[in-house]
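Fold and geometry: a report
Here are the chains, one letter per residue:
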Amino acid sequence: MSISLESTGTFTIGDKAVHRLGFGAMSLTGPGVWGPPRDHEEALRVLCRVVDLGVDLIDTADSYGPYVSEELIREALHPYPEGLLIATKAGFVRPGPGRWVPVGRPAYLRQEVEMSLRRLGLERIDLLQLHRIDPEVPLEDQLGELKALQEEGKIGSIGLSEVSVDELERSRGIVEIATVQNRYSLTNRVSEGVLRHCERQGIGFIPYSPIAKGALAAPGSPVEHVAKAIGATSAQVSLAWLLAHSPVMMPIPGTSSVAHLEENLAASTVSLTDEQMSELASG
């Protein structure tokens, strides 16, 4: 199985240029993104293999576990290799399995950034993403606190998650935004307008849940047809389409299996013709 992350190109976040195919560390936690992984040692092997294969963008969050994902990253990889960018998030509380609640109070955001620095063993978080905008707290207060932490040297770049174009532009009036992380895949392109806006503004777009699911990836679907034609998996076709679809796209497929990790990263060598891109997009 061939893997060539160099072929995906790079995108620069702050002072680091990272390959456009990264790794999402949410799947390393227990069921419902809650608690420890079923196989602790395999989770560590996955993270070590991530770095071995040249991935230099790992996406996590304080709420994954909660805290479990960040702790695993430090256990497996600290001291970190030069060039590795660990992006984490704050502002989404996990009161129980599968439950998420936005909390954007400035004091809470500062506390979580400080704790993420400690858990990850970092002096600076290269990319801190506001996991959700809290509708109960003024946006200026939420991003203002992150900007203050940035000025203190505790945050490098600031990103957003699950935002509209309007929310992105309001945020850019408060602080420079480096990335947006919205749900996006072949089967969910609701954020197409946000993606195109990010392209125009030079903002990185990190699609979560990037693998096509449902009818478009079912037997007899366009994804399966293209996958069979080029000798790839449906997941590889999904990721290859994303990489070709936009130069600011940075998919972060996650997994708790080394074999699945290697399969996903092999999407880096999958080439799609213009006709195949159109077939997939119109499916």
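Quick note: structure is the one above.
Worth saying up front: this structure is predicted, and the values here are computed from it rather than measured. (Residues numbered from 1 in each chain as written. Predicted model: local features only at pLDDT ≥ 70, side-chain atom pairs only at ≥ 80, totals over all residues. Heavy atoms only, no water.)

1. Re the pattern of salt bridges
Cut-off, in case you're wondering: Salt bridges are identified by distance alone: a Lys or Arg side-chain nitrogen within 4 Å of an Asp or Glu carboxyl oxygen. Where helices and strands are cited, they refer to DSSP runs of H or I of at least four residues and of E of at least two residues respectively, numbered from the N terminus. A 1.4 Å probe rolled over the protein chains alone gives each residue an accessible area, and that area as a share of the maximum for its type sets the label: buried under 20%, exposed over 50%, partly exposed in between.
This model, assessed by the stated rule, comprises 14 salt bridges. Across the pair Glu-145 and Arg-110 runs a salt bridge, and its minimum N-O distance is 2.5 Å. Here Glu-145, found in helix α4 (residues 139-151), pairs with Arg-110, found in helix α3 (residues 106-120); they are 35 residues apart in sequence, far enough to count as distant. For Glu-152, the salt bridge is made with Lys-154, and the minimal N-O distance between the two is 3.6 Å. Judged by relative accessible area, which is 42%, Glu-152 ranks as partly exposed.

2. Side note on the pairing of strand β1 (residues 10-13)
Note the following rule: Strands were regarded as paired on the criterion that DSSP finds at least two bridges between them.
With burial as the criterion, only one face of β1 is covered, namely that bearing Phe-11 and Ile-13; the residues Thr-10 and Thr-12 on the opposite face remain uncovered. Summarising the sheet, β1 and strand β2 (residues 16-19) pair through 4 bridges and their orientation is antiparallel. Across the sheet, Phe-11 pairs through a bridge with Val-18, a residue of β2. Taking the residues between adjacent antiparallel strands as the criterion, β1 and β2 are bridged by 2 residues, where Gly-14 takes a positive phi near 65°.

3. Regarding the layout of surface pockets
Rules: Of the grid points, spaced at 1 Å and generated over the protein atoms alone, those admitting a 1.4 Å probe that cannot get out make up cavities, while open sets with protein on both sides within 12 Å along at least five of seven lines make up pockets; any residue with an atom within 4 Å of a point is treated as lining. Grid points are joined across faces, edges and corners, and a volume is the space filled by probe spheres set on the points. Classification used: nonpolar for Ala, Val, Leu, Ile, Met, Phe, Trp, Tyr, Cys and Pro, charged for Asp, Glu, Lys and Arg, polar for all others including Gly.
The space that makes up the largest pocket amounts to roughly 430 Å³. What lines the largest pocket is a set of 24 residues, among which Met-26, Tyr-64, Tyr-208, Ser-209 and Pro-210 lie closest to the centre. Each residue belonging to the lining of the largest pocket can be placed in one class, and the counts come to 10 nonpolar, 9 polar and 5 charged.

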